[in-house]
Amino acid sequence: MTAPQTAPQIKHYPQLETERQGNVLIVRLDNEAARNSLTREIRYSLREVTREVQDDYSIRAIYLTGKGPTFCAGGDLRMLTESKAPMERHRRFRHAASFMPQLMTLDRPVVCGVRGVAIGGGMGLALMADTIVAGNSAQFMAGFFRLGVVPDCLTLFTLPRLIGLAKARAFFYANTTWDTQEALANGIVSQVVDDEDVDAVGIALAHKYAEGPAEVMGLAKTVMLKSFESSLTEMMDYEDYAQVLAQSGPEFEEGLSALIDKRKPDYGAAARRAGFSDGMPKAKE
Ligand SMILES: CC(C)(COP(=O)(O)OP(=O)(O)OC[C@H]1O[C@@H](n2cnc3c(N)ncnc32)[C@H](O)[C@@H]1OP(=O)(O)O)[C@@H](O)C(=O)NCCC(=O)NCCSC(=O)/C=C1/CC=CC=CO1
């Protein structure tokens, strides 16, 4: 039995544009009129597409970006004028938040391309990615205290870890805006390119990541995220567990034999041959 050559199509989700390029999924926030703010539709769609990717190991990396000149204007301000009843608010925000841990912990590399403003929750969304490629116009803005809301979209998790507690406090308290050079100097973006090159560079990087042992990289990502809440001995255990899993999988088999044969490994083909492309074990070729 041979593996299918054409990649399965991704479902359509409201206010998201999705495109399959081989084993890379491109996801574009698609609500330019409201500056890609995090509407119910976008949050729901991000949650659902992340779930779909979670189950589909034929997708080996993601490129996330926004359509139009603004990456993401953060939380949908219209939500703030809706009912103030505490339980209703709680439910609404829990629902609003449900895509975040899924995207943050997705066991596949995520590259984010940012052009224009990434403010508040929009910056939070970008920081959930493994790597950010910024265009010249990119601006990373705190935004939360201007509005009188607590920083959310996991920024209280990601930013202190990325830049340290003292710098994160100052960033939020002073309602800071970083241009690309400041974002680069603070290490939240990996490179700055012309706006028109952001997609090409970001997608090429996602393909490069996808060429790697994506499932093994996913294990490493999961263990890395645990490092902030674990002791040294727990980390030894996680590493050990991840290593045993990795070395029992097709990607390690491929990596080792490619090294011995002095050829470039084809991890994608190895994973396809093993038949786990949609998360369900299949008969081997
Ligand atoms: C700098 C801007 C992002 C873009 O400026 P500009 O290109 O000049 O566009 P505008 O004319 O201002 O806006 C165009 C239309 O988009 C609507 N819009 C913009 N931002 C939002 C938003 N966040 N939610 C809903 N709609 C938005 C705007 O109303 C215009 O619509 P009309 O054409 O119909 O009039 C600039 O737009 C800007 O500064 N926006 C606000 C950014 C902001 O403060 N975001 C919130 C940060 S805090 C956060 O994200 C967290 C929460 C927490 C909890 C709950 C709710 C919210 O946020």
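Residues numbered from 1 in each chain as written. Predicted model: local features only at pLDDT ≥ 70, side-chain atom pairs only at ≥ 80, totals over all residues. Heavy atoms only, no water.

The name an unreviewed UniProt entry assigns to the chain is 1,2-epoxyphenylacetyl-CoA isomerase, from the organism Tropicibacter naphthalenivorans. In its Sequence similarities (unreviewed entry) section, UniProt records this for the chain: "Belongs to the enoyl-CoA hydratase/isomerase family." (UniProt positions renumbered as here; feature names shortened; annotations may be inferred.)

### As for the site of the ligand
The ligand sits among 19 residues. The nearest are Arg35, Ala73, Gly75, Leu77 and Gly121. Here a nitrogen atom of the ligand sits 2.9 Å away from a polar atom, N or O, in the main chain of alanine 73. Take glycine 75: an N or O atom from its main chain is 2.8 Å from an oxygen atom of the ligand. Its free accessible area being 1,000 Å², the ligand has 63% of it covered by the protein chains. Here the element with the most residues in the shell around the ligand is helix H5 (residues 144-147); it accounts for 3 residues. (Near = heavy atom within 4 Å. Polar contact = N/O pair within 3.5 Å; in protein donor to acceptor, adjacent residues only side chain to side chain. Areas by Shrake-Rupley, 256 points an atom, 1.4 Å probe, with all protein chains shown as cover. Helix = DSSP H or I, 4+ residues; strand = E, 2+ residues; numbered from the N terminus.)

### With respect to the sheet that holds strand S1 (residues 16-21)
Overall, mixed pairing links the 6 strands, which are arranged S1-S2-S3-S4-S6-S9 in an open sheet. Of all strands in the sheet, those with a lone pairing partner are S1 and strand S9 (191-193), marking the two edges. Shown here is a sheet whose adjacent strand axes are inclined to one another by a mean of 20 degrees, direction ignored. Pairing of strand S3 (residues 61-66) with strand S4 (residues 110-114), which is carried by 4 bridges, proceeds in the parallel orientation. Within S4, the position partnered with isoleucine 62 by the bridge is valine 110. With respect to the sheet, helix H9 (residues 198-211) is in contact with S1, strand S2 (24-29), S3, S4, strand S6 (131-135) and S9, its orientation differing from that of S3 by roughly 165 degrees. (Pairing = 2+ DSSP bridges. Axes fitted to C-alpha atoms, helices over the stretch in contact; angles between N-to-C directions. Contact = heavy atoms within 4.5 Å.)

### Quick word on the packing of aromatic side chains
Scanning the entire structure with this criterion turns up 4 aromatic pairs. Both rings, one in phenylalanine 145 and one in tyrosine 173, keep their centres 6.3 Å apart while their planes meet at 25 degrees; by these two values the pair is stacked. Remark: tyrosine 173 occurs in helix H7 (residues 165-173) and phenylalanine 145 occurs in helix H5; sequence separation between them is 28 residues. Taken together, the ring pairs in this structure connect Phe144, Phe171, Phe172 and Trp178 into an aromatic cluster. The positively charged end of arginine 108 is found above the aromatic ring belonging to tyrosine 57, 4.1 Å away from the centroid. Note that lysine 226 overlies the ring of tyrosine 238, its terminal NZ or CZ placed 5.2 Å from the centroid. (Phe/Tyr/Trp six-rings, centres within 6.5 Å; stacked < 30°, edge-to-face > 60°. Lys NZ or Arg CZ within 6 Å of the ring centre and 35° of its normal.)

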